[in-house]
Amino acid sequence: QVQLAESGGGLVQAGGSLRLSCAASGTFVSINVMGWYRQAPGKQRELVAIFTLIGTTSYADSVKGRFAISRDNAENTVSLQMNTLNAEDTGVYYCYAFVKDFKNSMNNYWGRGTQVTVSS
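Source: prediction; values computed, not measured.

About the thresholds
Residues numbered from 1 in each chain as written. Predicted model: local features only at pLDDT ≥ 70, side-chain atom pairs only at ≥ 80, totals over all residues. Heavy atoms only, no water. Helix = DSSP H or I, 4+ residues; strand = E, 2+ residues; numbered from the N terminus. Buried < 20%, exposed > 50% of the residue type's maximum accessible area, 1.4 Å probe, protein only. Pairing = 2+ DSSP bridges. Axes fitted to C-alpha atoms, helices over the stretch in contact; angles between N-to-C directions. Disulfide = S-S within 2.5 Å.

### Examining unusual backbone geometry
Logical step 1: Even without being glycine, Thr-84 reaches a positive phi, approximately 50°.
Logical step 2: Structurally, Thr-84 is set in the loop between β8 (77–82) and β9 (91–100).
Logical step 3: For Thr-84, a relative accessible area of 47% puts it in the partly exposed group.
Logical step 4: For Asn-104, which is not glycine, the phi dihedral falls at a positive 65°.
Logical step 5: Within the secondary structure layout, Asn-104 lies in the loop between β9 and β10 (106–110).

Rendered as structure tokens:
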């Protein structure tokens, strides 16, 4: 089992910045992908940014140039620096991990989510 503990989030004015962090704990062989998804009210959960074990990243078009994802493989953490926030960035942000366990199985794990609210 893997646990994902998120921190950060909160209320910020449009144009401001926030930083989200997530730490993974538990028993596993590797975390192949770590990243962030978000869900706005009345909308489906969507990918924000991911960081693979080999160092590649992927961002939603709507956040490119404004958000930056970073990862510390030794600490099993992932962070998301969010700049120039706007009202459309409001939602619950979920930490995500795609994990390989000691049975060679791959599983998806989610954090509980942290609220980000951008006031215009």
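### With respect to the sheet that holds β8
Logical step 1: Spatially, the four strands line up as an open sheet ordered β1-β3-β8-β7, and their pairing is antiparallel. Both edges of this open sheet fall to β1 (2–7) and β7 (67–72), since each of them pairs with a single strand only. Direction aside, the axes of adjacent strands within the sheet are offset by 15° on average.
Logical step 2: Both strand β3 (residues 18–26) and β8 contribute to a ladder of six bridges, which runs antiparallel. Paired with Cys-22 across the two strands is Val-78, which belongs to β8.

### Quick look at the state of the cysteines
Logical step 1: Taken as a whole and assessed by the stated rule, the structure comprises one disulfide.
Logical step 2: What pairs with Cys-22 in a disulfide is Cys-95, and their sulfur atoms sit 2.0 Å apart. Handedness of the Cys-22-Cys-95 disulfide follows from its S-S torsion of about -85°: it is left-handed. Taken together, the residues Cys-22 in strand β3 and Cys-95 in strand β9 connect sequence positions 73 residues apart.

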